[in-house]
Amino acid sequence: MITAHVVFATITGNNEDVADIITEHFEDAGVKVAESEISQTDPSVFEDVDICVVCPYTYDEGALPEEGLDFYDDLQELDLKGKIYGVAGSGDTFYEEFFNVAVDKFDAAFKKAGATKGAEDVKINLEPDEDAIETLDKFAEELISKVQK
Ligand SMILES: Cc1cc2nc3c(=O)[nH]c(=O)nc-3n(C[C@H](O)[C@H](O)[C@H](O)COP(=O)(O)O)c2cc1C
């Protein structure tokens, strides 16, 4: 059975919604999945699953979630060779060049840990709408198919 862990950081709920959509897709596809909030999670949980996902918000012109800084630092120190990862976040296009910068930063952290990118980064604007849900379903599907290869 394929296993996955989805970690989210949220202030107003949008990234929890993003994580819920991905988690539900995994469940419907028969993937054994856990979902947790970033400050309550040690990144070493990723060592025990096939698919690793982070859904972060971006704050203060490109800043990572404050409560996720330890997680972010520790993630880069892990050895995640052979793991499939994906990053999907919600930001706000109002912030222009800083739009969803935390997604790029987590992508770099997973790369540093040696994990394999299973799907392109997803950058959602605010609350996920119908189009965003479709994009997130595709994202989850791609991650699963990458494991099956
Ligand atoms: C003070 C402040 C700063 C923000 N800075 C950024 C930013 O630099 N880039 C971005 O994409 N979104 C930024 N946002 C928007 C949030 O990332 C966006 O509303 C996101 O959907 C919040 O996710 P959450 O509902 O999971 O907390 C900012 C929001 C606030 C209130």
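Refer to the structure printed above.
Presented here is an overview of the structure given in this document. Residue positions are counted from 1 within each chain, in the order its sequence is given. Only residues with pLDDT of 70 or above have their local features reported here, since the model is predicted, and side-chain atom pairs are shown and tallied only from 80 upward, although totals for entire chains, interfaces and linings are computed over all residues. The basis for every side-chain value is the complete set of non-hydrogen atoms in the structure, without hydrogens or water.

Structural notes on the overall build of the protein
Argument step 1. Counting secondary structure elements, the protein contains four helices and six strands.
Argument step 2. To qualify as a helix, a DSSP run of H or I must reach at least 4 residues; to qualify as a strand, a run of E must reach at least 2; elements of each kind are numbered from the N terminus. When its helices and strands are written in sequence order, the protein yields β-α-β-β-α-β-α-β-β-α.
Argument step 3. Expected size for 149 residues packed as a compact globule is a radius of gyration near 15 Å; at 14 Å, the protein falls within 12% of this value.
Argument step 4. With the C-alpha coordinates of the protein rotated into their principal frame, the extents come out at 40 × 35 × 25 Å.
Argument step 5. Residue burial is assigned from relative accessible area. The probe radius is 1.4 Å, only protein chains are included, and a residue is buried under 20% of its type maximum, exposed over 50%, and partly exposed in between. Taking all 149 residues of the protein together, 50% fall into the buried category.
Argument step 6. A fraction of 80% describes how many contacts in the protein between residues 6 or more apart in sequence connect residues 24 or more apart.
Argument step 7. What sets the accessible areas is the Shrake-Rupley method with a 1.4 Å probe; for residues, cover comes only from the shown protein chains. Accessible surface, the protein: about 7,400 Å² in total, of which carbon and sulfur atoms supply 45%. As a reference, a globule follows 2.2 Å times the number of residues to the power 0.38, and the radius of gyration itself is taken over C-alpha atoms. What makes two residues a contact is simply this: any of their non-hydrogen atoms within 4.5 Å.

Let's talk about the pattern of salt bridges
Note on pairing: side chains with opposite charge can pair once their charged atoms come close.
Argument step 1. The salt bridge definition used is simple: a Lys or Arg side-chain nitrogen within 4 Å of an Asp or Glu carboxyl oxygen. The tally for this structure, following the rule as stated, stands at five salt bridges.
Argument step 2. Salt-bridge contacts for Lys81 lead to Asp79; the nearest nitrogen and oxygen are separated by 3.4 Å.
Argument step 3. Across the pair Asp121 and Lys117 runs a salt bridge, and its minimum N-O distance is 3.3 Å.
Argument step 4. On the accessibility criterion, Asp121 (23% relative accessible area) is partly exposed.

Here's the deal with the layout of surface pockets
Over the atoms rolls a probe the size of a water molecule, and in doing so it shows where empty space is left.
Argument step 1. Here the term cavity refers to a set of points on a 1 Å grid, laid over the protein atoms alone, in which a 1.4 Å probe fits but cannot get out; the term pocket refers to an open set having protein on both sides within 12 Å along at least five of seven lines, with lining residues being those that place an atom within 4 Å of a point. Grid points are joined across faces, edges and corners, and a volume is the space filled by probe spheres set on the points. Of the pockets and cavities examined, the largest pocket occupies roughly 360 Å³.
Argument step 2. Around the largest pocket sit 20 residues that line it, and Thr58, Tyr59, Gly91, Asp92 and Tyr95 are the ones nearest its centre.
Argument step 3. Just so you know the grouping, Ala, Val, Leu, Ile, Met, Phe, Trp, Tyr, Cys and Pro go in nonpolar, Asp, Glu, Lys and Arg go in charged, and all remaining residues, Gly too, go in polar. Across the lining of the largest pocket, the residue classes break down as seven nonpolar, ten polar and three charged.

Comments concerning the environment of Glu97
Argument step 1. Mapped onto the elements of the fold, Glu97 is located in the loop between strand 4 (84-91) and helix 3 (101-112).
Argument step 2. The spatial distance from the C-alpha of Glu97 to the C-alpha of Val49 is 33 Å, given a sequence separation of 48 residues.

Quick look at helix 1 (residues 14-28)
Argument step 1. Here the expected length of a helix is defined as 1.5 Å per residue gap, with one fewer gap than residues. Between its terminal C-alpha atoms helix 1 stretches 21 Å, which fits the 21 Å expected from 15 residues at 1.5 Å a residue.
Argument step 2. Among the residues of helix 1, those classed as buried are Asn14, Asn15, Val18, Ala19, Ile21, Ile22, Thr23, His25 and Phe26.
Argument step 3. Against strand 1 (3-8), strand 2 (32-37), strand 3 (51-55), strand 4, strand 6 (122-125) and helix 4 (130-148) lie the buried residues of helix 1.
Argument step 4. Looking one or two residues past helix 1, Gly30 carries a phi angle of roughly 85°, positive in sign.

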